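# Topology and contacts: notes
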Amino acid sequence: MVIGNWVLVIIMRSITLSAPGKVMLLGEHAVVYGQPCLVTAVNQRLQLTIEQSDGEDKVETPEVGDTRFLDATIALFKEKFHLKTGLLKITTNCIFSGKYGFGSSSAVTSAMVAALSQLYNLNLSERQLFDLAYLVVLNVQGLGSGFDVAAGIFGGTLYYVKGGRVLEKLDNNILNDGAEIIVGYTGIKSHTVDLVRQVAEKKAREPEKFDRIMLAIGQLVNNAKIKLAEKDWERLGTLMDFNQEYLRNLGVSSEKLESLISAAKRGGALGAKLSGAGGGDCMIALARSDKREEVKQAISNAGGEALNMKLGAEGVKVEE
Ligand code: PMV
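Residues numbered from 1 in each chain as written. Predicted model: local features only at pLDDT ≥ 70, side-chain atom pairs only at ≥ 80, totals over all residues. Heavy atoms only, no water.

Another aspect to go through is the side chain of Thr 157. Along the chain, Thr 157 turns up in strand S7 (residues 157-161). Within the structure, the side chain of Thr 157 is placed 2.9 Å from the side chain of Thr 40, a separation counted as a polar contact. In this structure, Thr 157 is in contact with Leu 25, Val 39, Thr 40, Glu 168, Lys 169, Leu 170, Asn 172 and Gly 312, ignoring residues within four places of it in sequence. (Helix = DSSP H or I, 4+ residues; strand = E, 2+ residues; numbered from the N terminus. Polar contact = N/O pair within 3.5 Å; in protein donor to acceptor, adjacent residues only side chain to side chain. Contact = heavy atoms within 4.5 Å.)

Written out as structure tokens, the structure is:
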């Protein structure tokens, strides 16, 4: 740009990253109360591009529907690192529909913390990125275990305790070795925050029973971690069924989830349960590889959408 005799150089930098969505395998809800869970990243990714140019601090987010997580991430980085951001233009592109509940907010947050770290040469480790992403989630939602941003940042399949108190990467290929997880979508939107609150009310009403359920879920997750490593699919399936029974008891299952779960079991699944907060979104079924098509068909026949996806996907990364 030429103004009079002056040449104004606007320096612009651009970076694109992607972060995976997630599927909860076992331990939802109990993870909010300090018990461990098993979560896996899925090959359904969200892409985020930031174009940064010098000038006054300003954020443009054309096409981004919900900017709360982006805004909160920028605010946190400004506060922590005293950044002068300049002009940021942010666009996102999600290859999975937000409707499935794979965590578009957690993927956006994971991609955004990593993008800002790169853009401003902060050299943050994965652990630091996770801690910041979890803070963003708490600042926006006020609750949550952070399992979703853990999957977004680290990827793979994780044994996880709230806030990253334990964060262990498990053998990644294990879930494609003789048996696999099939994901079935109910077609109904789940409202995570409402369901987490509803479960908290249950705790307030029946604290002792509630604590017993939480402990039992925690124990079955620990068992499942061992059975997963041993590839003891029968037992892992049974543990998924037990987990579902506890979730039903907590009141977070639904008619549609139950009908897809029973259909999957009738179709030959070794175990099946809801995945995530419940009420809707997705269920998962464990099937031996030779039963995969039958179980998928059973889910479809029951009115669900059997989704094709790979588990244990890579965490947040820079795209060329
Ligand atoms: O609905 P989702 O897929 O975001 O899963 C929520 C899982 C909970 O354990 C209920 C909440 C949490 O933050 O861990």
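Moving on from the coordinates now.
So, about unusual backbone geometry. The phi dihedral of Asn 121 is positive, around 50°, even though this residue is not glycine. Tracing the backbone through its elements, the reader meets Asn 121 in the loop between helix H2 (104-119) and helix H3 (126-141). One non-glycine residue, Asp 281, lies in the positive phi region at around 55°. Position of Asp 281 among the secondary structure elements: in the loop between strand S10 (271-275) and strand S11 (282-288).

This part is about the sheet that holds S11. The strand order across the open sheet built from 4 strands is S10-S11-S9-S12, with neighbouring strands paired in antiparallel fashion. Strands at the two margins of the open sheet, each flanked by one partner only, are S10 and strand S12 (305-307). Taking each pair of neighbouring strands and ignoring which way they run, the sheet shows an average axis angle of 30°. Two elements, strand S9 (residues 179-185) and S11, share 7 bridges in a ladder whose sense is antiparallel. Bridge pairing links Tyr 185 to Cys 282 in S11. Against the sheet, helix H7 (residues 233-250) makes contact with S9, S10 and S11, and its axis sits at roughly 45° relative to S10, the strand it touches most. This element, helix H8 (residues 255-266), spans S9, S10 and S11 of the sheet and lies at about 155° to S10. (Pairing = 2+ DSSP bridges. Axes fitted to C-alpha atoms, helices over the stretch in contact; angles between N-to-C directions.)

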